[in-house]
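The residues making up each chain are set out below.
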Amino acid sequence: YVTCPCCGTSQQRVDAKAYMDQMMGQIQSWISKAIPGGFSITQQENVDPIARHNIYMNNVKPVLDLEMNEYRFALNSTLSSPLIVLPFTKGDPARSKHTSAQAFEFNAKLKSLEPLAVDAQNKKAIMDAEGLSTAYALIVNNSKMLMDTTPGRFTLMSNNFRESSDALKKCDGYDAVSMRLNGLAEICAASEMILNGDNLGCLTKAEQGAQMLATAKTEILKNPRLAMTLRAIDLEIEQTQTLIGVASSSTVGD
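So, a few notes on the structure that sits alongside this text. (Residues numbered from 1 in each chain as written. Predicted model: local features only at pLDDT ≥ 70, side-chain atom pairs only at ≥ 80, totals over all residues. Heavy atoms only, no water.)

Scanning the protein chain for helices and strands turns up eight helices and two strands. The N-to-C order of helical and strand elements in the protein chain reads β-β-α-α-α-α-α-α-α-α. Each principal axis of the C-alpha atoms in the protein chain carries an extent, and together these give about 75 × 45 × 25 Å. Within the protein chain, the fraction of its 254 residues that count as buried is 45%. For the protein chain, the exposed surface amounts to about 12,500 Å²; the carbon and sulfur share of it is 56%. (Helix = DSSP H or I, 4+ residues; strand = E, 2+ residues; numbered from the N terminus. Buried < 20%, exposed > 50% of the residue type's maximum accessible area, 1.4 Å probe, protein only. Areas by Shrake-Rupley, 256 points an atom, 1.4 Å probe, with all protein chains shown as cover.)

Have a look at this one:
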């Protein structure tokens, strides 16, 4: 068996391998339909860069741009929902158009198409889309965990938020979102601490997280494209202040 580090689900190795083989088969099928016959992506190093560029621009980019924009919009929409809950509570999942599996599959497709992107602009576009799709998949995974109270869920969520934050650091225009996700990672770590009886550690982490959220909100106010996320951040700050109040009252007698 293997256990997913993102959602904690366990699965037999044979089933996981079968899924991976099926996913890569679908990706290769998409690529074979998109590019001219006779071209093999595995032999791209032997193909003239100009030919690769033309194939990408004429056969791949028009379709890929549509999918990139779709996933960017979907991520921004998901970010407009609060992404955390307080300990011992459940919450509604964030709005998401795709499953985490679909986002990870899109990421795998992007990686398969990287060799065709010859010029710097197209390479950067693919790298940005890879970061966005990775962050989106991890956030959708976290969203599903808002609905259960399984022990250890806040540790998983904290790790996912950190990874999604790192993924967005490479994407233009998402520095403030990366800061928000780092703050949420601290708050989830704080939630795990209070569940384990570490009230003082929770207080420290929660205060750090609240400060990060406040900083992220200030930066997002400068970016109209992300304005729809402000209400969600306000709700996350309110939740964090509640957590700080609980932790503070619990440490009075310590």
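Sizing a probe to match a water molecule and rolling it over the atoms shows the empty space that remains. Taken as a whole, the second largest pocket spans an internal volume of roughly 280 Å³. If you trace the second largest pocket, you find 16 residues lining it, with Asp-65, Met-68, Asn-69, Arg-72 and Ala-125 closest to the centre. Going through the elements one at a time, helix H2 (49-78) and helix H4 (120-145) are the ones with two or more residues in the lining of the second largest pocket. Looking at the lining of the second largest pocket element by element, the count peaks at eight residues for H4. Counted by class, the lining of the second largest pocket contains seven nonpolar, four polar and five charged residues. (1 Å grid on protein atoms, 1.4 Å probe; cavity = no way out; pocket = protein on both sides within 12 Å on 5 of 7 lines; lining within 4 Å. Points joined across faces, edges and corners; volume = space filled by probe spheres on them. Nonpolar A, V, L, I, M, F, W, Y, C, P; charged D, E, K, R; others polar.)

Let us now look at the environment of Tyr-19. Position of Tyr-19 among the secondary structure elements: in helix H1 (residues 13-34). Looking at Tyr-19, the relative accessible area reads 32%, which means it is partly exposed. Each residue touching Tyr-19, except ones within four places of it in the same chain, is listed here: Ala-101 and Glu-105. (Contact = heavy atoms within 4.5 Å.)

In summary, soluble globular proteins display a tendency toward joint burial of nonpolar side chains. Judged by nonpolar contacts, the single largest core of 62 residues is most densely connected at Leu-64, Phe-161 and Leu-168. When neighbours within four sequence positions are excluded, Leu-168 is seen to be in contact with Leu-75, Gly-131, Leu-132, Ala-135, Tyr-174, Val-177, Ser-178 and Leu-181. (Core = buried A, V, L, I, M, F, W, Y, C linked by side-chain atoms within 4.5 Å.)

This next bit is on the side chain of Arg-153. Examined against the element boundaries, Arg-153 turns out to sit in helix H5 (residues 153-168). Buried charge without a partner: Arg-153 forms no salt bridge, and the closest opposite charge is Asp-148, 4.7 Å away. At 2.6 Å, the side chain of Arg-153 and the backbone oxygen of Thr-89 are in polar contact. Sequence-distant contacts of Arg-153, defined by excluding residues within four places in its chain, comprise Val-85, Leu-86, Phe-88, Thr-89, Met-145, Leu-146, Asp-148 and Glu-192. (Lys, Arg positive; Asp, Glu negative; His and termini not counted. Salt bridge = Lys/Arg side-chain N within 4 Å of Asp/Glu carboxyl O. Polar contact = N/O pair within 3.5 Å; in protein donor to acceptor, adjacent residues only side chain to side chain.)

Relative to the 44 Å expected for 30 residues at 1.5 Å per residue, H2 spans just 38 Å between its end C-alpha atoms, considerably shorter than the ideal helical length. Of all the bends found along H2, the most pronounced is centred on Val-60 and spans about 55°, while Pro-62, a proline, follows it within four residues. Within H2, the full set of buried residues consists of Arg-52, Ile-55, Tyr-56, Val-60, Leu-64, Glu-67, Met-68, Tyr-71, Ala-74, Leu-75, Asn-76 and Thr-78. (Expected span 1.5 Å × (residues − 1). Bend = angle between axes of the 7 residues up to and from the residue.)

Its 22 residues place the ends of helix H8 (residues 230-251) 31 Å apart at the C-alpha level, agreeing with the 32 Å of an ideal helix rising 1.5 Å per residue. Among the residues of H8, Leu-230, Ala-232, Ile-233, Glu-236, Ile-237, Gln-239, Thr-240, Leu-243, Ile-244, Ala-247 and Thr-251 are the ones counted as buried. Buried residues along H8 sit in contact with helix H6 (175-195) and helix H7 (199-220).

Once that is clear, we can look at the side chain of Ser-143. With respect to the secondary-structure elements, Ser-143 resides in helix H4. Polar contacts involving the side chain of Ser-143 include one to the main-chain amide nitrogen of Ala-94, which spans 2.6 Å. Residue contacts for Ser-143: discarding those within four places in its chain leaves Pro-93 and Ala-94.

Limitation: the analysis is restricted to geometry and does not speak to function.
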